[in-house]
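Summary of structural features
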Amino acid sequence: MLPTLIPALLLATLACQPPSQDSGPVDDTGPSHPCLQAGADCTLAETATARGVHAGAAVPNGPSDERLAAMTTHFDSATAENAMKWGATCPTLGSCDYTQADAFMDFAEGARLRIRGHTLVWGQSPGHGHPGDLATLAEQADDPYTFMEQAITDHVTAMVGRYRGRVESWDVINEPLAPFGSTLDESVFYNAMGPDYLDLALRVAHQVDPNARLFVNEYVVSDYDGDKALAFVGLLDELMARGAPIHGAGIQAHLYLEVPELDALTALIATIAALGLDVELTEMDVAKLALQEQLDDGEDLFEAQAAAYGVLVQACLAEPRCTGVTTWGIDDGDSWLDSMPPYDAMAPHLPLLLDTDLQPKPAYHTVRELLASGGEA
Ligand code: XIL
């Protein structure tokens, strides 16, 4: 099945909404909050909270106490980088160990962080994104559709049930589209069930925890008005038309190739919001490669990186339904890019908001200042 594509014109014509600046009654979270004043001495977490959005980070496996302390100081939302993935909890189907996922949950709750659950159904990376034997078992099953229906139902029920009422948002589906294409990925799930697996996972998650916000999370490549972005909007639109319980769309925002145009990303977020969905930028990092053009002009790496983060955060702040931004890692000392081919060839990428000493970088200050100003550069 090919998702119906929303015409490019729609993206181009949707105006971006400025953040609301009305001068209603003064309260602690309104525009007069001290953290929203110019020059305020507040952390990113405090500033985001005052602005009414989340500023989060993904927590890697086995973090040091210092890293967790920095997380607690600077961020107000946590995603497990790996610990809650299907293949991380169940390397083979039905043989599961929730120790790491439980440890992440305990830390995040103890630190009073908002929790994004990542991720229930992901077709990439067998043994990590999903159990290593899932594809073989599905192929061998008499009825692959029923086999996969049961496997997804059992897994989603187990995970969402285990953390019911504690995970605020779930990335129920991760990367449903082909990596560099604009059709549904022919994943282990799709091969067994066609597009029905999407609705099934969302429906089961909603039944098990009706209060959790359910997201579909996608990597939209670099041109945010390109074919893949349009296919993502089309897919979200179709899911909503079919009555699937979906509340939000995650745009990963790994910047590997280039920095997006502010207008294109703003329009994409507005288009998704116009469907009636919340949006979050769920996995931000800025690889060296994405900055190549600016660096050729002699610009400082960290200033160029700050500007790239600025584009992402400004686009989010332009849309009231954009409820948060999350970086894919806490600090430059532990980024997946440094060990992930082909990006490892350019390591270290130093792609995050805190440096290897866990200190704020120029990008941190840019993001904090944009959150304080409501998006005015
Ligand atoms: C990555 C982790 O960061 C790595 O540590 C792991 O080896 C592979 O997965 N998109 C996603 C994330 O949705 O789950 C991926 O995380 C990065 C790309």
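Anything mentioned here points back to the structure above.
So, here's what we can say about the structure.

The rules we used
Every chain's residues receive numbers from 1 upward, in the order its sequence appears when written. Predicted model: local features are reported for residues with pLDDT of at least 70 only, side-chain atom pairs are reported and counted for 80 or more only, and whole-chain, interface and lining totals are derived from all residues. Just so you know, side-chain values use all the structure's heavy atoms and leave hydrogens and water out. In this description, a disulfide is simply a cysteine sulfur pair whose atoms lie within 2.5 Å. Between buried and exposed lies partly exposed: a residue is buried under 20% and exposed over 50% of the maximum accessible area for its type, with that area taken using a 1.4 Å probe on protein chains only. Nonpolar core, defined: a set of buried Ala, Val, Leu, Ile, Met, Phe, Trp, Tyr and Cys residues in which side-chain atoms within 4.5 Å join the residues together. We count a stretch as a helix when DSSP gives it H or I for four or more residues in a row; a strand needs E for two or more, and each element gets its number in order from the N terminus. The residues that make up patches have over 30% relative accessible area and no salt bridge, and they are joined within 9 Å when like-charged or within 5 Å when they are Val, Leu, Ile, Met, Phe, Trp or Tyr. Only the protein chains shown count as cover for residues, with accessible areas throughout obtained via the Shrake-Rupley method and a probe of 1.4 Å. We count a salt bridge whenever a side-chain nitrogen from Lys or Arg sits within 4 Å of a carboxyl oxygen from Asp or Glu. Counted charges follow a simple rule, with Lys and Arg positive, Asp and Glu negative, and His plus the chain ends left uncounted. For charged residues, the charge sits on one atom: NZ in Lys, CZ in Arg, CG in Asp, CD in Glu. Side-chain atoms alone can form a polar contact between residues adjacent in sequence; in general such a contact is a pair of N or O atoms within 3.5 Å, and within protein one must be able to donate a hydrogen while the other accepts it.

1. Points about the state of the cysteines
For the coordinates displayed, the defined rule picks out three disulfides. Each sulfur of the disulfide joining C35 and C42 lies 2.2 Å from the other. Judged by the torsion about the S-S bond (-85°), the C35/C42 disulfide is left-handed. By the burial criterion, C35 is buried, and C42 matches it. The disulfide partner of C316 is C322, and the S-S distance across this bridge is 2.1 Å. Taking the torsion about the sulfur-sulfur bond, which here is approximately -105°, the covalent link between C316 and C322 counts as left-handed. Taken individually, C316 and C322 each receive the classification buried, so the pair is uniform in this respect. The connectivity of the disulfide-linked cysteines in the protein, indexed sequentially, is 1-2, 3-4, 5-6.

2. With respect to the nonpolar core
If you look at the biggest cluster of nonpolar residues, it comprises 109 residues, and the most contacted ones within it are M84, M148, I152, W170, I251 and I272. Looking at which element gives the most residues to this core, the answer is helix 13 (residues 301-317), with eleven residues. If you look at the next biggest cluster of nonpolar residues, it comprises six residues, including Y219, V221, A287 and L337.

3. Points about a negative patch on the surface
A contiguous patch of negative charge on the surface is contributed by D223, D225, D227, E258, E261, D263, E293, D296, D297, E299, D300 and E303. The topology assignment puts D227 in helix 10 (residues 227-241).

4. Quick notes on the side chain of D76
Mapping D76 onto the fold places it in the loop between helix 3 (65-74) and strand 2 (77-80). Although D76 lies buried, it forms no salt bridge, and the closest oppositely charged side chain, R114, sits 6.2 Å away as judged by the N-O distance. At 2.8 Å, the side chain of D76 forms a polar contact with the backbone nitrogen of A55.

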